[in-house]
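# Reading the structure
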Amino acid sequence: MKIENLTKKYYSKSNEQIIFDDTSFDFSNYKSVALCGRSGSGKTTLLSILSGLDIDYDGQYFFRENLLQKSRTSMADYRFKNISMVSQDFKLLEDRTIYENLAFPLRALKISRKEIHSSIEEVLTTFHLNHLSKEYPATLSGGEKQRITIARALIKEPLYVLADEPTSELDEETENQVLKIFEDYQNRGIKFLIATHSKIIANACETEYHIESRKLVLYRAPEGM
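Quantities reported herein were computed from a predicted structural model and do not represent experimental measurements.

Further remarks concern unusual backbone geometry. A positive phi angle, near 55 degrees, is found at Asp22, a position not held by glycine. Structurally, the position occupied by Asp22 is in strand 2 (residues 15-26). In this model, Glu165 sits at a positive phi of 50 degrees, which is unusual for a non-glycine residue. Here Glu165 shows up in the loop between strand 7 (160-164) and helix 6 (172-186). Classification of Glu165 as buried rests on a relative accessible area of 11%.

Listed below in C-alpha coordinates is the structure:
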(Lines give C-alpha, C1' and ligand atoms only; values in the text may rest on other atoms or scores of the structure.)
Protein backbone atom coordinates (compact mmCIF):
# COMPACT_ATOMS: atom_id res chain seq x y z
CA MET A 1 0.00 0.00 0.00
CA LYS A 2 1.86 3.05 -1.28
CA ILE A 3 0.98 6.54 -2.51
CA GLU A 4 3.34 8.81 -4.41
CA ASN A 5 3.07 12.59 -4.72
CA LEU A 6 -0.32 12.85 -3.03
CA THR A 7 -1.99 16.25 -3.24
CA LYS A 8 -5.52 16.64 -1.91
CA LYS A 9 -7.54 19.87 -1.97
CA TYR A 10 -11.04 20.90 -1.00
CA TYR A 11 -12.73 23.81 -2.73
CA SER A 12 -15.51 26.16 -1.70
CA LYS A 13 -16.85 29.29 -3.38
CA SER A 14 -14.36 31.53 -1.61
CA ASN A 15 -11.61 29.23 -0.55
CA GLU A 16 -9.15 26.48 -1.45
CA GLN A 17 -8.04 24.20 1.39
CA ILE A 18 -4.96 22.03 0.84
CA ILE A 19 -4.99 18.90 3.02
CA PHE A 20 -1.96 17.11 1.55
CA ASP A 21 0.72 18.78 -0.55
CA ASP A 22 2.89 16.44 -2.67
CA THR A 23 3.52 13.87 0.07
CA SER A 24 4.57 10.25 -0.44
CA PHE A 25 4.55 7.24 1.87
CA ASP A 26 4.80 3.46 1.83
CA PHE A 27 2.95 1.30 4.37
CA SER A 28 3.78 -1.98 2.64
CA ASN A 29 6.23 -3.40 5.18
CA TYR A 30 4.49 -2.46 8.42
CA LYS A 31 2.15 -4.67 10.45
CA SER A 32 0.49 -1.77 12.26
CA VAL A 33 0.61 1.98 11.73
CA ALA A 34 -0.75 4.70 14.00
CA LEU A 35 -1.77 7.79 12.04
CA CYS A 36 -1.66 10.80 14.35
CA GLY A 37 -2.40 14.49 13.93
CA ARG A 38 -4.65 17.28 15.08
CA SER A 39 -8.38 17.20 14.36
CA GLY A 40 -8.86 18.39 10.78
CA SER A 41 -5.31 17.49 9.73
CA GLY A 42 -6.47 14.89 7.20
CA LYS A 43 -6.50 11.53 9.00
CA THR A 44 -10.03 10.61 7.93
CA THR A 45 -9.39 11.99 4.44
CA LEU A 46 -6.35 9.74 4.06
CA LEU A 47 -8.33 6.67 5.12
CA SER A 48 -11.00 7.56 2.55
CA ILE A 49 -8.33 7.77 -0.16
CA LEU A 50 -6.68 4.49 0.86
CA SER A 51 -10.05 2.72 0.94
CA GLY A 52 -10.90 4.02 -2.53
CA LEU A 53 -13.93 5.98 -1.35
CA ASP A 54 -12.23 9.24 -2.32
CA ILE A 55 -10.65 9.26 -5.79
CA ASP A 56 -10.57 13.05 -6.21
CA TYR A 57 -6.86 13.69 -5.63
CA ASP A 58 -3.58 14.06 -7.50
CA GLY A 59 -0.98 11.33 -7.14
CA GLN A 60 -0.52 7.62 -7.74
CA TYR A 61 -1.82 4.83 -5.51
CA PHE A 62 -0.02 1.48 -5.73
CA PHE A 63 -1.05 -1.84 -4.21
CA ARG A 64 1.43 -4.70 -4.45
CA GLU A 65 3.37 -2.62 -6.97
CA ASN A 66 0.32 -2.28 -9.24
CA LEU A 67 -1.03 1.18 -10.02
CA LEU A 68 -4.69 1.41 -9.02
CA GLN A 69 -7.08 3.11 -11.41
CA LYS A 70 -9.11 6.03 -10.11
CA SER A 71 -12.51 4.67 -11.01
CA ARG A 72 -15.29 3.95 -8.55
CA THR A 73 -15.88 0.48 -10.00
CA SER A 74 -12.26 -0.68 -9.83
CA MET A 75 -11.75 0.84 -6.37
CA ALA A 76 -14.94 -0.79 -5.07
CA ASP A 77 -13.61 -4.15 -6.28
CA TYR A 78 -10.21 -3.44 -4.66
CA ARG A 79 -11.88 -2.51 -1.38
CA PHE A 80 -14.15 -5.57 -1.40
CA LYS A 81 -11.24 -7.97 -1.91
CA ASN A 82 -8.60 -6.39 0.34
CA ILE A 83 -9.91 -3.91 2.91
CA SER A 84 -12.21 -3.65 5.91
CA MET A 85 -13.05 -0.34 7.51
CA VAL A 86 -13.94 0.82 11.02
CA SER A 87 -15.64 4.21 10.91
CA GLN A 88 -16.43 6.60 13.76
CA ASP A 89 -20.17 6.47 13.07
CA PHE A 90 -20.25 2.64 13.11
CA LYS A 91 -22.42 2.23 9.96
CA LEU A 92 -24.29 -0.73 11.41
CA LEU A 93 -27.48 -1.86 9.64
CA GLU A 94 -30.16 -0.65 12.04
CA ASP A 95 -32.90 -2.96 10.71
CA ARG A 96 -30.84 -6.14 11.23
CA THR A 97 -29.67 -7.99 14.31
CA ILE A 98 -26.04 -8.02 15.36
CA TYR A 99 -25.79 -11.57 13.97
CA GLU A 100 -27.08 -10.35 10.60
CA ASN A 101 -24.70 -7.37 10.65
CA LEU A 102 -21.77 -9.73 11.11
CA ALA A 103 -23.07 -12.15 8.50
CA PHE A 104 -23.46 -9.44 5.85
CA PRO A 105 -19.79 -9.17 4.67
CA LEU A 106 -19.42 -12.97 4.69
CA ARG A 107 -22.53 -13.51 2.56
CA ALA A 108 -21.08 -11.07 0.05
CA LEU A 109 -18.07 -13.41 -0.15
CA LYS A 110 -20.45 -16.34 -0.81
CA ILE A 111 -19.29 -18.29 2.22
CA SER A 112 -21.40 -21.26 3.33
CA ARG A 113 -24.01 -20.83 6.05
CA LYS A 114 -22.12 -23.22 8.34
CA GLU A 115 -18.84 -21.27 7.94
CA ILE A 116 -20.65 -17.97 8.51
CA HIS A 117 -22.16 -19.25 11.75
CA SER A 118 -18.78 -20.55 12.94
CA SER A 119 -17.03 -17.25 12.13
CA ILE A 120 -19.70 -15.21 13.93
CA GLU A 121 -19.51 -17.42 17.01
CA GLU A 122 -15.72 -17.06 17.04
CA VAL A 123 -15.64 -13.29 16.71
CA LEU A 124 -18.45 -12.73 19.25
CA THR A 125 -16.61 -14.95 21.72
CA THR A 126 -13.38 -13.04 21.08
CA PHE A 127 -15.08 -9.77 21.97
CA HIS A 128 -17.21 -11.29 24.80
CA LEU A 129 -20.39 -10.19 23.03
CA ASN A 130 -22.23 -13.47 22.44
CA HIS A 131 -25.19 -12.19 24.47
CA LEU A 132 -25.82 -9.46 21.87
CA SER A 133 -26.23 -11.64 18.77
CA LYS A 134 -30.03 -11.26 18.65
CA GLU A 135 -30.07 -7.58 19.62
CA TYR A 136 -30.50 -4.66 17.25
CA PRO A 137 -27.98 -1.77 17.06
CA ALA A 138 -30.40 0.71 18.64
CA THR A 139 -30.33 -1.25 21.90
CA LEU A 140 -26.52 -1.17 22.21
CA SER A 141 -24.30 1.30 24.02
CA GLY A 142 -21.70 3.32 22.11
CA GLY A 143 -18.92 1.02 23.32
CA GLU A 144 -20.83 -2.10 22.30
CA LYS A 145 -21.51 -0.66 18.85
CA GLN A 146 -17.85 0.16 18.48
CA ARG A 147 -16.74 -3.37 19.34
CA ILE A 148 -19.32 -4.88 16.97
CA THR A 149 -18.06 -2.56 14.21
CA ILE A 150 -14.50 -3.77 14.83
CA ALA A 151 -15.68 -7.39 14.89
CA ARG A 152 -17.44 -6.91 11.55
CA ALA A 153 -14.23 -5.49 10.04
CA LEU A 154 -12.17 -8.43 11.27
CA ILE A 155 -14.58 -11.25 10.48
CA LYS A 156 -13.67 -11.55 6.79
CA GLU A 157 -9.93 -11.39 7.63
CA PRO A 158 -8.94 -8.78 5.02
CA LEU A 159 -5.40 -7.84 4.08
CA TYR A 160 -5.82 -4.39 5.65
CA VAL A 161 -8.03 -2.89 8.34
CA LEU A 162 -8.38 0.90 8.09
CA ALA A 163 -9.74 2.18 11.38
CA ASP A 164 -10.82 5.71 12.30
CA GLU A 165 -10.63 6.28 16.08
CA PRO A 166 -11.69 2.67 16.74
CA THR A 167 -11.55 2.90 20.56
CA SER A 168 -12.92 6.39 21.19
CA GLU A 169 -16.03 4.99 22.94
CA LEU A 170 -14.10 2.51 25.10
CA ASP A 171 -12.66 2.75 28.59
CA GLU A 172 -8.95 2.13 29.03
CA GLU A 173 -9.33 -1.49 30.13
CA THR A 174 -11.51 -2.39 27.15
CA GLU A 175 -9.21 -0.44 24.82
CA ASN A 176 -6.30 -2.59 25.96
CA GLN A 177 -8.36 -5.74 25.38
CA VAL A 178 -9.15 -4.62 21.83
CA LEU A 179 -5.49 -3.89 21.17
CA LYS A 180 -4.63 -7.44 22.27
CA ILE A 181 -7.23 -8.70 19.76
CA PHE A 182 -5.61 -6.53 17.07
CA GLU A 183 -2.25 -8.10 17.91
CA ASP A 184 -3.71 -11.59 17.58
CA TYR A 185 -5.12 -10.75 14.14
CA GLN A 186 -1.80 -9.24 13.08
CA ASN A 187 -0.30 -12.66 13.77
CA ARG A 188 -2.78 -14.01 11.19
CA GLY A 189 -1.34 -11.63 8.62
CA ILE A 190 -3.80 -8.72 8.80
CA LYS A 191 -2.26 -5.23 8.70
CA PHE A 192 -3.73 -2.25 10.55
CA LEU A 193 -3.71 1.46 9.78
CA ILE A 194 -5.32 3.34 12.66
CA ALA A 195 -6.15 7.04 12.78
CA THR A 196 -6.08 7.94 16.44
CA HIS A 197 -5.62 10.53 19.17
CA SER A 198 -4.96 7.76 21.70
CA LYS A 199 -1.45 7.51 23.11
CA ILE A 200 -2.23 3.92 24.09
CA ILE A 201 -2.97 2.96 20.48
CA ALA A 202 -0.03 4.93 19.09
CA ASN A 203 2.37 3.20 21.47
CA ALA A 204 0.89 -0.22 20.68
CA CYS A 205 1.46 0.17 16.93
CA GLU A 206 4.90 -0.76 15.64
CA THR A 207 5.03 2.34 13.41
CA GLU A 208 3.82 5.90 13.90
CA TYR A 209 3.17 8.58 11.29
CA HIS A 210 2.14 12.17 12.00
CA ILE A 211 0.41 14.57 9.65
CA GLU A 212 2.24 17.88 9.87
CA SER A 213 2.27 20.84 7.50
CA ARG A 214 0.30 18.85 4.89
CA LYS A 215 2.87 16.04 4.88
CA LEU A 216 3.08 12.56 6.33
CA VAL A 217 6.07 12.39 8.66
CA LEU A 218 7.48 9.10 9.92
CA TYR A 219 7.93 9.41 13.69
CA ARG A 220 8.75 5.88 14.66
CA ALA A 221 9.43 2.61 12.84
CA PRO A 222 10.79 -0.83 13.77
CA GLU A 223 14.57 -1.00 14.02
CA GLY A 224 16.22 -1.83 10.74
CA MET A 225 13.38 -0.48 8.63
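Structure's up, so let's keep going.
Turning our attention to the pattern of salt bridges. Under the defined criterion, the tally for this structure stands at 11 salt bridges. Close ionic contact of Glu4 with Lys2 constitutes a salt bridge, the shortest N to O distance being 3.9 Å. Since its relative accessible area comes to 29%, Glu4 is described here as partly exposed. Between Asp77 and Lys81 there is a salt bridge, with the nearest N and O atoms lying 3.2 Å from each other. Residue Asp77 and its partner Lys81 are both found in helix 2 (residues 72-82); the two are separated by four residues, about one turn of the helix.

Quick look at the sheet that holds strand 1 (residues 2-12) now. Think of a sheet as strands paired side by side through backbone hydrogen bonds, with each pair either parallel or antiparallel. Pairing is antiparallel in the open sheet, where four strands are placed in the order 2-1-4-5. The strands lining the two open edges of the sheet, one partner per strand, are strand 2 and strand 5 (66-67). Docked against the sheet, helix 1 (residues 43-51) engages strand 1, strand 2 and strand 4 (58-63), running at close to 120 degrees with respect to strand 1.

Let us look at the packing of helix 4 (residues 113-126) against helix 5 (residues 142-155). The geometry of helix 4 relative to helix 5 is characterised by a closest axis approach of 10 Å and an angle of 135 degrees between their N-to-C directions. Taken as axis vectors, helix 4 and helix 5 run oblique relative to one another. The element helix 4 and its partner helix 5 pack so that their crossing is right-handed. Of the residues in helix 5, those touching helix 4 at Ser119, Ile120, Val123 and Leu124 are Ile148, Ala151 and Ile155.

Here we take up the state of the cysteines. Taken as a whole, this structure holds zero disulfides when the rule is applied. Among the cysteines around Cys36, which has no disulfide bond, Cys205 carries the closest sulfur, lying 8.0 Å off.

We now examine the environment of Leu193. Looking at the element boundaries, Leu193 is found in strand 8 (residues 191-195). Using a relative accessible area of 2% as the deciding quantity, one classes Leu193 as buried. With 26 residues separating them along the chain, Leu193 and Tyr219 place their C-alpha atoms 15 Å apart.

Definitions and limits used
Residues numbered from 1 in each chain as written. Predicted model: local features only at pLDDT ≥ 70, side-chain atom pairs only at ≥ 80, totals over all residues. Heavy atoms only, no water. Helix = DSSP H or I, 4+ residues; strand = E, 2+ residues; numbered from the N terminus. Buried < 20%, exposed > 50% of the residue type's maximum accessible area, 1.4 Å probe, protein only. Salt bridge = Lys/Arg side-chain N within 4 Å of Asp/Glu carboxyl O. Pairing = 2+ DSSP bridges. Contact = heavy atoms within 4.5 Å. Axes fitted to C-alpha atoms, helices over the stretch in contact; angles between N-to-C directions. Parallel < 35°, antiparallel > 145°, perpendicular 65-115°, else oblique. Left-handed = near helix turned anticlockwise from the far one by under 90°. Disulfide = S-S within 2.5 Å.

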